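# Per-entry structural report
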Amino acid sequence: MPRHTLCWDAGTGSGQAAGGLAEHFAEVVATDASADQIAHATPHPGVTYRVAPAERSGLEDASVDLVTAGQAVHWFDQERFFKEVKRVAVPGGAIAVWAYDLLEVEGEGEVVLRRFYARVERYWPPERALVAHRYADLPFPFEEIPVSHVDMTAHWDLGRTLGYLSTWSTVKAFQKANHEDPVATLAPELAAVWGDPAAEKTISWPLVLRAGRIA
């Protein structure tokens, strides 16, 4: 990529990735269709936050060196978004879209979690199917840039792991449909194989990533 002048982070949410991108670009414009998300975004001197849909960024033609979308492109109108990407990108610019798949945990807990995933799976919104297929089904009208496999990792205790699972939309949908909290049902089974609940285990998320060069 010839320049590191401007990066557009589309669907930025509360700006989790935008600050890191600002370490590599003179300016990052981070947009989200949700005014509430932008209102709670993490301030950074190198990031300008705007309320705007990914399909209508408001950026100038041929101004952006890198377009990114983290855990977001499956929610967009992809055809319109990619058209917008081509409009705002400089010749030879790049795009990277990524998401993370279901978490994996070391030890016997992984078997327990897989049973839990199977139980709540059908309550995911349909857009998440793109993530489940690792973006292989994502129409991607760019010159593909090969990328290496990457995992995100963390070290969490039992409580934090269960708390994270409780935030999932599929868990909330399951609970509404069945009048049962599936994480509360999972907790004793996972605790039985976890050991000391305060013990931290390695948690990993396979990163789903596609990158391309914009003609």
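Described below are features of the structure shown in this document. Just so you know, these numbers come straight off a predicted model, no measurement behind them.

## A short note on the environment of Arg 213
Structurally, the position occupied by Arg 213 is in strand E9 (residues 201–213). Sequence-wise, Arg 213 and Ala 72 are 141 residues apart; in three dimensions their C-alpha atoms are separated by 19 Å. Engagement of the side chain of Arg 213 in a polar contact is seen with the backbone oxygen of Gly 92, the distance being 3.2 Å.

## Regarding unusual backbone geometry
One non-glycine residue, Ala 62, adopts positive backbone phi at about 50°. Relative to the helices and strands, Ala 62 resides in the loop between strand E3 (47–51) and strand E4 (64–70). According to the relative accessible area criterion, Ala 62 is partly exposed, its value standing at 43%. The phi angle at Tyr 135 is positive, at roughly 60°, despite the residue not being glycine.

## Section: the nonpolar core
Of all hydrophobic cores here, the largest spans 28 residues; its most connected members are Trp 8, Val 73, Phe 81, Ile 95 and Tyr 135. Of all the secondary-structure elements, those providing two or more residues to this core are strand E1 (6–10), E4, helix H3 (78–88), strand E5 (89–100) and helix H5 (129–132). If we skip the residues at most four places from it in the chain, Ile 95 touches Leu 66, Val 67, Phe 81, Phe 82, Val 85, Phe 140, Phe 142, Arg 210, Ala 211, Gly 212 and Ile 214. The next biggest cluster of nonpolar side chains, apart from the first, holds 25 residues, and it includes Tyr 117, Val 120, Leu 162 and Leu 165.

## Observations concerning the pairing of E1
Extensive coverage of E1 is indicated by the burial of five of its five residues. What you see with E1 is no split at all: Leu 6, Trp 8 and Ala 10 on one side and Cys 7 and Asp 9 on the other are buried throughout. Pairing of E1 with strand E2 (residues 27–32), which is carried by five bridges, proceeds in the parallel orientation. By the bridge assignment, Leu 6 is partnered in E2 with Glu 27. Two strands pair when backbone bridges link them, and E1 and E4 are joined in this way by three bridges, in the parallel orientation. Its bridge partner being in E4, Cys 7 is matched across the sheet by Leu 66.

## Topic: helix H4 (residues 109–120)
Taking 1.5 Å per residue, twelve residues should reach 16 Å; H4 reaches 17 Å between its end C-alpha atoms and fits that length. For H4, the set of buried residues is Gly 109, Glu 110, Val 112, Leu 113, Phe 116, Tyr 117 and Val 120. Down the axis of H4, the buried side of the element spans an arc of 155°, and every buried residue falls inside it. Across from the buried face of H4, at angles greater than 90 degrees, the exposed residues are Val 111 and Ala 118. Against strand E6 (104–105), helix H6 (158–166), helix H7 (169–178) and helix H8 (182–194) lie the buried residues of H4.

The rules behind the values
Residues numbered from 1 in each chain as written. Predicted model: local features only at pLDDT ≥ 70, side-chain atom pairs only at ≥ 80, totals over all residues. Heavy atoms only, no water. Helix = DSSP H or I, 4+ residues; strand = E, 2+ residues; numbered from the N terminus. Polar contact = N/O pair within 3.5 Å; in protein donor to acceptor, adjacent residues only side chain to side chain. Buried < 20%, exposed > 50% of the residue type's maximum accessible area, 1.4 Å probe, protein only. Core = buried A, V, L, I, M, F, W, Y, C linked by side-chain atoms within 4.5 Å. Contact = heavy atoms within 4.5 Å. Pairing = 2+ DSSP bridges. Expected span 1.5 Å × (residues − 1). Arc of directions from axis to C-beta.

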